[in-house]
Amino acid sequence: MLQKISGRTFRDHGPIKILHPGPENTGDSGIGSIGRIDHATFRGKQTIRMHPHVNDEILSYFRTGKVKHSDSEGFSEDLGPKKIMLMKAGKRFYHEEEIDGVAEPHEGLQIFIRPGEKDLIPEVIFQDLDELYSENKWRLLASPSEETKLRFSSQTWIFDTRLSSDSSFELPKLPKDNLTGLLYVYQGSVTINPELSLEKNDSLIFRDEKFTISTSTGAELVLFLTDENSPIFKEGMYSGNTRG
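Residues numbered from 1 in each chain as written. Predicted model: local features only at pLDDT ≥ 70, side-chain atom pairs only at ≥ 80, totals over all residues. Heavy atoms only, no water.

Q: Lay out the overall build of the chain with the relevant residues and their values.
A: Broken down by element type, the chain carries zero helices and 20 strands. Expected size for 244 residues packed as a compact globule is a radius of gyration near 18 Å; at 17 Å, the chain falls within 12% of this value. Judged by the C-alpha coordinates and their principal axes, the chain covers about 50 × 40 × 35 Å. Burial status across the chain gives 54% buried among its 244 residues. For the chain, long-range pairs separated by at least 24 residues make up 73% of all intrachain contacts whose partners lie at least 6 apart in sequence. (Helix = DSSP H or I, 4+ residues; strand = E, 2+ residues; numbered from the N terminus. Rg over C-alpha atoms; globule rule 2.2 N^0.38 Å. Buried < 20%, exposed > 50% of the residue type's maximum accessible area, 1.4 Å probe, protein only. Contact = heavy atoms within 4.5 Å.)

This is the structure we're talking about:
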């Protein structure tokens, strides 16, 4: 099964575009543990004051600009293209972001993943990336296993890659069977097999499918994998189901 989600599906909230990836004909606004994806673009300086999260696991994946993160666990760190962060909010957690998009626009994703269970102990994990981009190969950023420093409590995996122009590519070897995937076009454009085109902000949901990804222009991609049959808590503050 291949299902395209148009970038027009995003809901605008000022400089932040919000995607709930669950198909409209279902009772769930998410897909398994993938609750919500925010694609933000800020110009200039802006501060998002201290605010709460409850039962969300949030991967901050910022590709340009700088962000100073401060939180209720006592952490204060500068985030950017080579430093990403996983906030595991658990029962209750507060954080603040000072965004610097002066030298270049701040652009990136905040990815809201549903936890494996409710009210876990809050935890903040930072990861320095060896390279800014993973050129023409999949890079595993976060997972539920000891394979990654950034570790989800649910059965969720996130990869990224940057593809050269005029190249073809395939999915990575999946970590287990019967996973659901969401392929997100962060920059550029790709073609799936020969017939399906995806532009920036478009996504593709797939289950039990193999396909070829090709690009003439080059592209940056983020790949989400989730086990829809594994335990998750669907009532997180931002990652939770918004449908009745």
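Q: Break down the sheet that holds strand 17 (residues 196-198) for me, citing the residues and quoting the values.
A: On the basis of which strands lie adjacent, the open sheet formed by four strands has the order 14-19-16-17 and antiparallel pairing. Each end of this open sheet is capped by a strand with a single partner; those strands are strand 14 (167-170) and strand 17. Ignoring which end each strand starts from, the neighbouring axes of this sheet average 30° apart. The pairing of strand 14 with strand 19 (residues 212-215) spans four bridges and is classified as antiparallel. Looking at strand 19, one finds that Ser-167 is bridged to Thr-215. (Pairing = 2+ DSSP bridges. Axes fitted to C-alpha atoms, helices over the stretch in contact; angles between N-to-C directions.)

Q: An account of the packing of aromatic side chains is requested, with residue identities and associated values reported.
A: As enumerated under the stated definition, the model contains seven aromatic pairs in all. Geometrically, the ring pair formed by Tyr-61 and Tyr-186 is edge-to-face, given 6.2 Å between the ring centres and 85° between the ring planes. Placement of Tyr-61 in strand 5 (residues 57-64) and of Tyr-186 in strand 15 (residues 180-188) is noted, with a sequence separation of 125 residues between them. Given a relative accessible area of 4%, Tyr-61 falls into the buried group. Site record: aromatic cluster; members linked through ring pairs are Trp-138, Phe-159 and Phe-169. (Phe/Tyr/Trp six-rings, centres within 6.5 Å; stacked < 30°, edge-to-face > 60°.)

Q: Now, about the sheet that holds strand 20 (residues 219-226): what can you tell me, with residues and values included?
A: The mixed open sheet is built from seven strands, whose spatial order is 1-18-15-20-13-11-12. In the strand order of this sheet, the two ends are held by strand 1 (2-5) and strand 12 (150-151), each with one partner. With three bridges connecting them, strand 11 (residues 139-143) and strand 13 (residues 156-163) associate as antiparallel partners. Across the sheet, Leu-140 pairs through a bridge with Phe-159, a residue of strand 13.

Q: Account for the pairing of strand 18 (residues 203-207), naming residues and giving values.
A: Extensive coverage of strand 18 is indicated by the burial of four of its five residues. In the sheet, strand 1 pairs with strand 18 via four bridges, with the strands oriented antiparallel. Paired with Gln-3 across the two strands is Ile-205, which belongs to strand 18. Of the strand pairs in this sheet, strand 15 and strand 18 are connected by five bridges, and their pairing is antiparallel. Bridging across to strand 18, Leu-182 finds its partner in Ile-205.

Q: Before we move on, could you go through the nonpolar core and cite the residues and values that matter?
A: In terms of nonpolar packing, the biggest core is built from 26 residues, with Leu-109, Ile-158, Leu-182, Tyr-184, Val-222 and Phe-224 touching the most fellow members. Looking at this core, the elements with two or more residues in it are strand 4 (34-53), strand 5, strand 8 (83-88), strand 9 (93-113), strand 11, strand 15 and strand 20. If we ignore the near neighbours within four places in the chain, the residues touching Val-222 are Tyr-61, Leu-109, Ile-158, Phe-159, Asp-160, Leu-182, Leu-183, Tyr-184 and Tyr-186. If you look at the next biggest cluster of nonpolar residues, it comprises 20 residues, including Trp-157, Leu-179, Phe-206 and Ala-219. (Core = buried A, V, L, I, M, F, W, Y, C linked by side-chain atoms within 4.5 Å.)

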